Structure formats: structure tokens, C-alpha cells
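# Structural characterization, general
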Amino acid sequence: MSAISVSLFSQRPNMEKMKSVYQSHVLQWVTLTLSLLSGICTMPVSVDSVCSAPSTAKYSLTFTGKWSQTAFPKQYPVYRPPAQWSPLIGVTHSSDYHIWQKNEYASNGVREFSEKGEAWTLIKEVEAAGERIQSVYGLFSTPAVLDGTSQTTTEFEVYARHSFLSFIMRLVPSPDWFVGVDSLNLCEGDHWKENISLDLFPYDAGTDSGFTFSSPNFETIPQDKVMQITSSFPSHPANSFYYPRLKHLPPIAKVTLTKIKSNQIFSLPIEPTQSNQIPTGNEINESLINTPLDCEVSAWSPWGLCKGQCGEKGVRHRTRYIHIHPANNGAVCPPLEDEKPCVPDNCV
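Residues numbered from 1 in each chain as written. Predicted model: local features only at pLDDT ≥ 70, side-chain atom pairs only at ≥ 80, totals over all residues. Heavy atoms only, no water.

### Focus on the overall build of the protein
The line we're drawing: Under the scheme used here, helices are H or I runs from DSSP no shorter than 4 residues and strands are E runs no shorter than 2 residues, and both carry numbers assigned from the N terminus. For the exposure calls, accessible area comes from a 1.4 Å probe over protein chains only, and a residue counts as buried if that area is under 20% of its type's maximum, exposed if over 50%, partly exposed in between. Whether two residues are in contact is decided by their heavy atoms, any of which lying within 4.5 Å being enough. Reported accessibility uses the Shrake-Rupley method at a 1.4 Å probe radius. Residues are deemed covered only where the shown protein chains occlude them.
Within the protein one finds four helices and 17 strands. Out of the 348 residues belonging to the protein, those deemed buried represent 40%. Contacts in the protein between residues at least 24 apart in sequence constitute 74% of all its contacts with a sequence separation of at least 6. As presented, the protein carries roughly 20,000 Å² of accessible surface, and 55% of it is formed by carbon and sulfur atoms.

What follows is the structure, encoded as C-alpha cells:
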């Protein structure tokens, strides 16, 4: 500033003119600064999004399935295919990127992954975001989990400018349902978080209108936003997660993140290997939730013909059948047959 001041005021004949120019420049600079500051103040930036932790951090991620027949007895898929999980697709990134978001529309990549388990379009979207806005630091995956209650594990790396973790994992079979995490910040001020454990609940990608795990493809037109599935939403008795007696669904999975000290980071393939997947059948040693499932029956059939002898009272019958058998101390089925008296109509 001193050199500029000397340059501006060393020529006395033009002093007033130069002074006016200088003041104009200063005013413009102040105006611009205030404008920028006001813009920053209105941006939705949280305090913990600013990370000043040193260097990088490495984490171990363990995914634990809790999708059991006792916790989710309604229409539980036992074959063709049985309950299982797709590969996990994870991303480490900055705060300005989202692989998916609740209450927002799913991308084409999320659509293909949540409906079919195809990850190529999703991976291309992630790579494009990394090249375009430098918001993605790393992309990683785990192999598929071939059982509803098994585990898989992997490792990944983050650093200060890209301290957020997001991932997505599809329920198999399902129309377009998945679990995941959106923008979990692993940095807290000037240090990395040591341990994090999160319960996971199912989400609907909003691209397929199927109600049950094994529903045929039924495209949602127009597309809906990503929504969390609850015990009462969607509020349709046919929905596989509809449990009106429950206030909340039990968690269908859990993810555990542990900061590790290591000089090497995994580079995981899509296919399972002995080193990165806990074998199928190694169920979790914790008490399983027993979700009560009430019996569900059909509507009554029409009344049948009046059966009986002429001159005597007859009887009509109607029936109904069981849609869903009760489980885990759920309400028992009501009577499936009914009758009422009548007068035979075949008498002369």
C-alpha cells in the first residue's frame, strides 16, 4: 500500500484527481468485500464442515446386515433369490458433493444401481464429479453380501479437504430399495473421529412403484424423490415393510467406522475375496429383534347358495383365506368360514 500511495501522491499537479481515483478504487474494493462476505454468511455451511485435521486418515468400515426373518417377517425372501446385499459403493468427498440425498431426485446412476445393482453409470457420475469440480477424493467398494445377516469389511482414506463419506448398498431382492449414508463428516475441527456406529434404515429411490421385495418392474412416472421407508410409509398393507403396530422399524443394517493406523490402503475389487469378506453364515452374535407379524386375511367371498330341505331352515356359507400367516406372537387369524340361516329357494 505504501508504494501505491507514493505513486499516487508524488505528482502534485494531479493530486486531487488521483486522490479521487484512489478513493473510488477503495470504495469499490470495500463494496466488493462486503458483497462477498454477505454471500458467505448466507451459505448453509456448518461449523464442523471446516476441517483442520493434519494429513490423512484411514478408516476400517464394517457393514453388518440385520435383515433377518425374525426382525422382518413379512414377505421375507427365502429363495429366488434369498435376502442379501449388493456390493457397497462408497465415496470420500468434499461437502459440495452428494452421491444421493433424502428428499431429492435420484440420479440415473442411483436409479440403475438401486433397481438392478448395475454400478457402471453411478461410477461414471462419481468420476465426472471428481474431474469437474474436484469434489471427489476416493471411490471404493466391497463385494456383495450373500446373506441378510452377514458382514463385509473394507478400508478407505480421507483427508482434510475431502473429509466426508457417502455410500449406497442395494437390498436384494427389491424394486429400488437401498441403505446408505449421505455426507458423514469424519473430521471434527482439528482431529479425526475415532469410532462411529450408525444404524441403517431402508430408502426408496423413487424410481419403481413396486410394493414388495419381489415385485415386477413398475416404473414410477413421474419420478418421486428419495424417501425413507418406515413402518407406516408407504401406507399400503401390501408393502413389505408395513407394520402398523410398530412406531419405528428396527434397523435393517449397521455400519461401524474405526480409525486405524496403517501405511497401506486397500484397493478392493468388485468380486469377493477371502481377505475382504467375512464368510456367509457368520451371523451376528447379538440378540435378534422379534417383530410381531399379524395375520392378514382376504375379503369374504360372496354368500353361497342356500342349502337345506324344503320347509326347513337352510344355511348359506362364505369363506376367506389367509394372505399372511402370523409370526413372532402376532395377532392370530380370525375365522375363515362364516354362515347364516336362510330359506331354501328351490322349493315349489
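### A short note on the confidence of the model for the protein
Definition in use: Confidence of the predictor in every single residue is expressed as pLDDT, which spans 0 to 100.
On average, residues of the protein score 81 in pLDDT, and 77% of them are at 70 or above. In the predicted structure, residues 1-23 sits below a pLDDT of 50 and forms five contacts with residues beyond four places in sequence or in another chain.

### Re the sheet that holds strand β13 (residues 253-260)
Going by this rule: Two strands qualify as a pair provided that DSSP identifies no fewer than 2 bridges between them. Helix axes are fitted to C-alpha atoms over the stretch in contact, other axes to C-alpha atoms as well, and angles between N-to-C directions run from 0 to 180 degrees.
Strand order in the open sheet formed by four strands is β5-β1-β13-β10, with antiparallel pairing between adjacent strands. Two strands close off the open sheet at either side, each with one partner strand: β5 (151-159) and β10 (195-200). Shown here is a sheet whose adjacent strand axes are inclined to one another by a mean of 20°, direction ignored. Looking at chain direction, strand β1 (residues 56-65) and β13 are connected through eight bridges and run antiparallel. Among the inter-strand pairings, Thr62 is bridged to a residue of β13, identified as Thr256.

### A look at the state of the cysteines
Such a bond, covalent and formed between the sulfur atoms of two cysteines, is termed a disulfide. Definition in use: Disulfide assignment relies on a single distance test, namely cysteine sulfur atoms paired within 2.5 Å.
Applying the stated rule across the entire model yields three disulfides. A sulfur-sulfur separation of 2.1 Å characterises the disulfide bridge that pairs Cys51 with Cys187. Looking down the S-S bond of the Cys51 and Cys187 bridge, the torsion is 85°, so its handedness is right-handed. With a gap of 136 residues between them, Cys51 in the loop between α2 (15-42) and β1 and Cys187 in strand β8 (residues 187-188) connect regions that are remote in the sequence. On the basis of relative accessible area, Cys51 is assigned to the buried category, the value being 14%. On the basis of relative accessibility, which here comes to 1%, the residue Cys187 falls in the buried class. Two residues, Cys306 and Cys342, share a disulfide whose sulfurs are 1.8 Å apart. Between Cys306 and Cys342, the S-S dihedral sits near 95°, and the bridge is therefore right-handed.

### What about the pattern of salt bridges?
Quick reminder of the rule: Take a side-chain nitrogen of Lys or Arg and a carboxyl oxygen of Asp or Glu: if they are within 4 Å of each other, that pair is a salt bridge.
Tallying each qualifying case throughout the model produces five salt bridges. For Arg111, the salt bridge identified is with Glu115, shortest N-O distance 3.9 Å. Of this pair, Arg111 and Glu115 are both found in helix α3 (residues 108-116), four residues apart, which corresponds to roughly one turn of the helix. Glu115 carries the same exposure label as Arg111, and that label is buried. Its salt-bridge partner being Asp338, residue Arg318 comes within 3.1 Å of it at the nearest N-O pair. Taken as a pair, Arg318 in strand β15 (residues 314-319) and Asp338 in strand β17 (residues 337-342) lie far apart in primary sequence, 20 residues in all. With relative accessibility at 25%, the residue Asp338 sits in the partly exposed group. Each of Arg111, Glu115 and Glu219 takes part in one network of salt bridges that share partners.

### Section: the pairing of β13
Of the pairings in the sheet, the one linking β10 to β13 comprises six bridges and is antiparallel in character. Note on β13: the bridge partner recorded for Ser197 is Thr256.

### Focus on the packing of aromatic side chains
Rules: For this analysis, a ring pair means two rings from Phe, Tyr or Trp (six-membered ring only for Trp) whose centres lie within 6.5 Å, classed as stacked if their planes differ by under 30 degrees, edge-to-face if by over 60, and tilted for the remaining angles.
Evaluated as defined, the whole model comprises 14 aromatic pairs. Where Trp100 meets Phe178, the ring centres are 5.1 Å apart and the plane angle is 80°; that geometry is what we call edge-to-face. Here Trp100 is found in the loop between β3 (89-93) and α3, whereas its partner Phe178 is found in strand β7 (residues 177-185), with 78 residues between them in sequence. The residues Trp100 and Phe178 share a single accessibility class, namely buried. Measuring from ring centre to ring centre gives 5.6 Å for Trp177 and Phe213, while their planes differ by 75°; the resulting arrangement is edge-to-face. Taken as a pair, Trp177 in strand β7 and Phe213 in the loop between β11 (203-204) and β12 (227-228) lie far apart in primary sequence, 36 residues in all. No difference in accessibility class separates Trp177 from Phe213, as the two residues are buried. Linked through ring pairs, Phe63, Trp67, Phe72, Tyr76, Trp85, Trp177, Phe213 and Phe241 together constitute an aromatic cluster.

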